[in-house]
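As a plain string of letters, each chain reads:
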Amino acid sequence: MSSNATNTTESPEPSLEQQLVALMGNSDEFFLLMMGCFVFLMQAGFAFLEAGSVRSKNTTNILLKNILDVCIGAISYWAVGYAFAFGTPSNLFIGHGHFFLEGIEGSQYAHWFFHFVFAATASTIVSGAMAERTEFSAYLVYCAVLTGVVYPVAAHWAWDPKGWLFTGVGTGLTYQDFAGSGVVHIVGGIAALAGASVVGPRIGRFQHGKPVQISGHTVPLAALGAFILFFGFLAFNGGSQGAISNPGDGVIVALAITNTVISGSSAGLIAMVIKRVGLLGDLHWSLLTTLNGALTGMVAICAGCNNVYPWAACIIGVVAGVAYCGWSQLILKVMKVDDPLDAVAVHFGGGFWGVIAVPIFATEGGIITSGGSLMAFKGLGWNILGAVAIAVWTGVITTTMFGFLRLAGVLRVEPEIEEKGLDIPKHGEPAYPQESYGHGWLLETAEDNLPKCRAKGINDSPPGYNHGDPSNMLAMTHPASMAIPRPSVVTGPALTELVYDNEGYLPEPVHNTRL
């Protein structure tokens, strides 16, 4: 009887069509989640890039700010950001439903996560431009505002079906920005420009009106961060398709990733050559210029990576490399804005050009491919209007916010703290504690036959040297072939019992005993 009761309560077996629909939905959600995870990794790339580009005394500070891009961004985007961007009901300007994700369908969680990592990306752009002199408490405020208000409203305009840029408000046009050249990078770039302008330059950055170089403390770390960002951009652009189960999805994702690689590579090469021929002031093959140029190319292709041919992606990258160099010089030498990461040049310069490039090079309906049709030029005008509107929206909100923070006296650290570094007074955790360095051994020169290493504090040498009794000295193997322990934990025969070769090393290695 229990068996019969069980049979009567069992739900009917899903049809093949229902199973296929479920599989497609799950595939799309999994695709978004995995691509979002790779974009999330870009936070590590920004952290390394920014840490390598600042001085060692501010490393902990900038790393913590990158951590908080995630922590604060997640809470603010969960609470209000997603509601403003994609909540229902909504209007042309803003969404106003699903606060704290209340009432959303289960399938929307993947969508929330993917757009959250975009919001965090827009926020972390600002931290680099304001590095080394900004109060930590001020960062908490502007991170919440950017991820909770500024970016979500711009995203609603461009990507929500009811946003005014998306619908065209009766013009028959739609804003073309596939992966956020405008929505993410113009927002981040303009916010960075506003922040760096209001907070002012670092002490010593300008002398007599001329810029003075302040180098970061580790180029390898900056390069590692850039490589992680290169990787993340592949998911940033490819994942913006939002699905993988429909016919043609795979082709679009592949095209987006291909164009991202081509545009970034072209921009990096052009920026490097511009630097080498002396148009930026000196004649060097610059690693940092190449990295920033490549990043600018990837930013520029975001808007049209799904809708341009690879040859067009190459052209977009070439122009992006030139745009980076031009904006970098304009920001520093004309506007006198101190941007340690060149974030404004990379993200605003690259993003603005990318928004313009899409209607010019689009595979369907572009100015070139359509033979210069009137509708294509109208599309260019609509994209420019959208870019300007996003820039103005971001600039007004962030300049007002930073201005209030400055008036309240909480935007910039005190000059003494800025000069000595933020890590110790603000966090109590220097990135490179001095007490953790050193090994307790002194290195000898190669001018005699002594072993190259001697125990620190022991002033003795072998017979024939007027430095004391050699019987107290410790025997060691070549320093390159062993991990040198401290003298207190090394035992071995007295130096007078050993025979040295012509270079001052033992023919046979001595095996030191460690306690």
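Residues numbered from 1 in each chain as written. Predicted model: local features only at pLDDT ≥ 70, side-chain atom pairs only at ≥ 80, totals over all residues. Heavy atoms only, no water.

1. Here we look at a nonpolar patch on the surface
Heads up, the condition is: Like charges within 9 Å and nonpolar side chains (Val, Leu, Ile, Met, Phe, Trp, Tyr) within 5 Å are joined into patches, using only residues over 30% in relative accessible area that form no salt bridge. All accessibility values rest on the Shrake-Rupley procedure with a 1.4 Å probe; residue burial counts only the protein chains present in the view. Salt-bridge detection follows one rule: a side-chain nitrogen of Lys or Arg within 4 Å of a carboxyl oxygen of Asp or Glu. The secondary structure listing takes helices from DSSP runs of H or I that are at least 4 residues long and strands from runs of E that are at least 2 residues long, numbered from the N terminus. Relative accessible area decides the class of each residue, using a 1.4 Å probe on protein chains only: under 20% of the type maximum gives buried, over 50% gives exposed, and in between gives partly exposed.
Together, Tyr309, Trp311, Ile315, Val318, Val319, Val322 and Ile368 make up a nonpolar patch on the protein surface, roughly 570 Å² of accessible area in all. As for its placement among the helices and strands, Val319 is situated in helix H12 (residues 310–334). Judged by relative accessible area, which is 32%, Val319 ranks as partly exposed.

2. Comments concerning the confidence of the model for the protein chain
Rule in force here: For every residue, the predictor assigns a confidence score, pLDDT, that lies between 0 and 100. By definition, residues are in contact when any of their heavy atoms lie within 4.5 Å.
Overall, the prediction assigns the protein chain a mean pLDDT of 87, with 84% of residues at 70 or greater. Taken as a whole, residues 1–6 scores under 50 in pLDDT and shows zero contacts with residues more than four places along the chain or in a different chain. Confidence drops under a pLDDT of 50 for residues 464–515, and excluding neighbours within four residues, the segment shows 87 contacts in the predicted structure.

3. Digging into the environment of Gly195
You can see Gly195 is positioned in helix H8 (residues 181–199). Residue Gly195 is classed as buried on the basis of its relative accessible area, which comes to 0%. Once the C-alpha coordinates of Gly195 and Met401 are considered, the two residues, 206 residues apart in sequence, prove to be 9.1 Å apart. Not counting residues within four places of it along the chain, the set of residues in contact with Gly195 comprises Met130 and Phe402.

4. Thoughts on the pattern of salt bridges
Working definition: two side chains of opposite charge can pair if their charged atoms are close together. In total, this model carries eight salt bridges according to the counting rule given. Ionic pairing is found between Arg55 and Glu132, a salt bridge with its closest N-O pair at 3.1 Å. Linking Arg55 in the loop between helix H3 (42–53) and helix H4 (59–86) with Glu132 in the loop between helix H5 (109–129) and helix H6 (136–159), this pair joins segments that are 77 residues apart in sequence. For Glu132, a relative accessible area of 2% translates into the label buried. For Glu132, the salt bridge is made with Arg202, and the minimal N-O distance between the two is 2.5 Å. Residue Glu132 is located in the loop between H5 and H6, and its partner Arg202 is located in the loop between H8 and strand S1 (206–207); the two are separated by 70 residues in the primary sequence. For the residue pair Glu132 and Arg202, the accessibility class agrees, reading buried in each case. Each of Arg55, Glu132, Arg202, Arg205 and Asp338 takes part in salt bridges that share partners, so that together they form one network.

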